[in-house]
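Fold and geometry: a report
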Amino acid sequence: MLKKIRIALWVAVAVSLVGVGALLWRADRQEQAAAFKPEFSLPDEAGTVRTAEEFRGKHLLVFFGFTNCPDVCPTTMAEVAQVMDDLGPEAEDVQPLFISVDPARDRESGLGEYLAAFHPSILGLAGDKAATKSAVNSFKVFGDRQEDASAPGGYTMSHSSSLYLLGPRGEWLRQFEYGTPADDIIADLKGRL
Amino acid sequence: MLKSLLAGMGLAVMLPAVALADCAEVSQGQLLISAAWSRATIGTARPAVFYVTIRNNGSTDDRLTGIETPVAGMPMLHETVMTDGVASMPHASDISIPAGQTVSLAPGGYHGMLMDLEEELKDGESFPVTLKFENAGPVSVETAVLPLRAREAACGDAP
């Protein structure tokens, strides 16, 4: 009788181990399926092509904008600058990126100098039309030219206005909608770094 | 001890005076205009921005129909509009200033877009902007130029 109970218990242990193993395996598979890894391959101001892969190990804070934008872009870059200042030493593990959706004009007017006025850590990338489109598509965001006779140069851009956070393996983590205060972004990042 | 207390009091008296220099208030008729600010520019190629707070203390509505400034050849009123997280910036033909309410031209909403800059806007300087109101008429306000990375007026939102 006692032996039967003991066998039954061991069987129960074995079954539960297999069950836990199956659950872990499934969770892992789901995580892999969920890991959305946006890609880009765009030149910095010096002309060096930068890709998502080279930033593995760091968190990437990515914004799509254009420097002729007077309101949303400088406001967001100002928040990013505050985030980088307030992160202290942990700022080393975060790379802010500004991907231009108006690359020809931004290259001409000096993207690096503009971004440095906010924070020296912000890296500006401005590629050709095809590479920009490909980055925009990979992030599943939006950036489009709109003809506007009253705007400088006869056009303006409408663009996704959130900040996108990628993790150290290049995986998509979340977005911070336009207007998220620097303090909220810092609190989120501190929980991850 | 007494000395540092006195020094502290002196500073407390001075600070509001410093802040006020950046936060000119102008009142005309029923309107109180305050917290006019802009961000420094790099050169003149890119448009600058203009933010301001307008309080209508009266019992009749007014409208802001346009802005003018000597620093820009083409100043316009715009509104940042978010649609599913996508920002666009349509021209605002006028901005309603309802009776008894405060309307702010502020980041992420209404703003003046100063195109065709005549000069670089430098941090610490200021420039005049004339706001054109349908009822109150033109009102000129001194606009503080803050660093490019400024997030709000140096004096905070006017009451």
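Heads up: the structure comes first, above all this text.
**A short note on the interface of chain A and chain B**
In this complex, chain A contributes 34 residues to the contact, which on the side of chain B involves 28 residues. Summed over both partners, the interface of chain A with chain B buries about 2400 Å², with 59% contributed by carbon and sulfur atoms. By the criterion of area lost to chain B, the three top residues of chain A are Pro70(A), Asp71(A) and Ser150(A), representing 25% of everything that side buries. Our count for the chain A to chain B interface comes out at 2 salt bridges. The partner of Arg149(B) in a salt bridge is Asp85(A), with the nearest N and O atoms 3.0 Å apart. The tally of links from chain A across to chain B stands at 14 residue pairs in polar contact (both at pLDDT 80 or more). When contributions to the side of chain A that touches chain B are tallied by element, the ones reaching two or more residues are helix H2 (72-86), helix H4 (111-116) and strand E7 (155-160) of chain A. Considering every element that reaches the side of chain A that touches chain B, the biggest residue donor is H2(A), with 8 residues. Split by residue class, the side of chain A that touches chain B holds 15 nonpolar, 15 polar and 4 charged. Strand direction decides the pairing type here: E7(A) and strand E7 (residues 86-88) of chain B, joined by 2 bridges, are antiparallel. When the bridges of E7(B) are listed, Ser160(A) appears paired with Val86(B).

**Describing the sheet that holds strand E3 (residues 59-65) of chain A**
Residues and elements named next belong to chain A. The strand order across the open sheet formed by 5 strands is E5-E4-E3-E8-E9, and the pairing between neighbours is mixed. With one partner strand each, in any of the chains shown, strand E5 (123-125) and strand E9 (172-176) form the two edges of the open sheet. Strand after strand, the sheet turns through a mean of 25° between neighbouring axes, direction not considered. Sheet analysis places E3 next to strand E4 (residues 94-100), joined by 7 bridges and oriented parallel. Looking across to E4, one finds that Val 62 is bridged to Leu 97.

**Section: the nonpolar core**
One finds Phe40(A), Val62(A), Phe64(A), Met77(A), Leu87(A), Leu97(A) and Phe139(A) to be the most contacted residues of the largest nonpolar core, which totals 50 residues. In terms of residue count, the dominant contributor to this core is H2(A) (7 residues). The contacts of Met77(A), once residues within four sequence positions are left out, are Phe63(A), Phe98(A), Leu115(A), Phe118(A) and Ile122(A). In this structure, Val52(B), Ala72(B), Ala92(B) and Leu131(B) belong to the second largest nonpolar core, which totals 28 residues.

About the cut-offs
- Residues numbered from 1 in each chain as written.
- Chains lettered and ligands numbered in written order.
- Predicted model: local features only at pLDDT ≥ 70, side-chain atom pairs only at ≥ 80, totals over all residues.
- Heavy atoms only, no water.
- Contact = heavy atoms within 4.5 Å.
- Buried area = accessible area lost by both parts, 1.4 Å probe.
- Salt bridge = Lys/Arg side-chain N within 4 Å of Asp/Glu carboxyl O.
- Polar contact = N/O pair within 3.5 Å; in protein donor to acceptor, adjacent residues only side chain to side chain.
- Helix = DSSP H or I, 4+ residues; strand = E, 2+ residues; numbered from the N terminus.
- Nonpolar A, V, L, I, M, F, W, Y, C, P; charged D, E, K, R; others polar.
- Pairing = 2+ DSSP bridges.
- Axes fitted to C-alpha atoms, helices over the stretch in contact; angles between N-to-C directions.
- Core = buried A, V, L, I, M, F, W, Y, C linked by side-chain atoms within 4.5 Å.
- Buried < 20%, exposed > 50% of the residue type's maximum accessible area, 1.4 Å probe, protein only.

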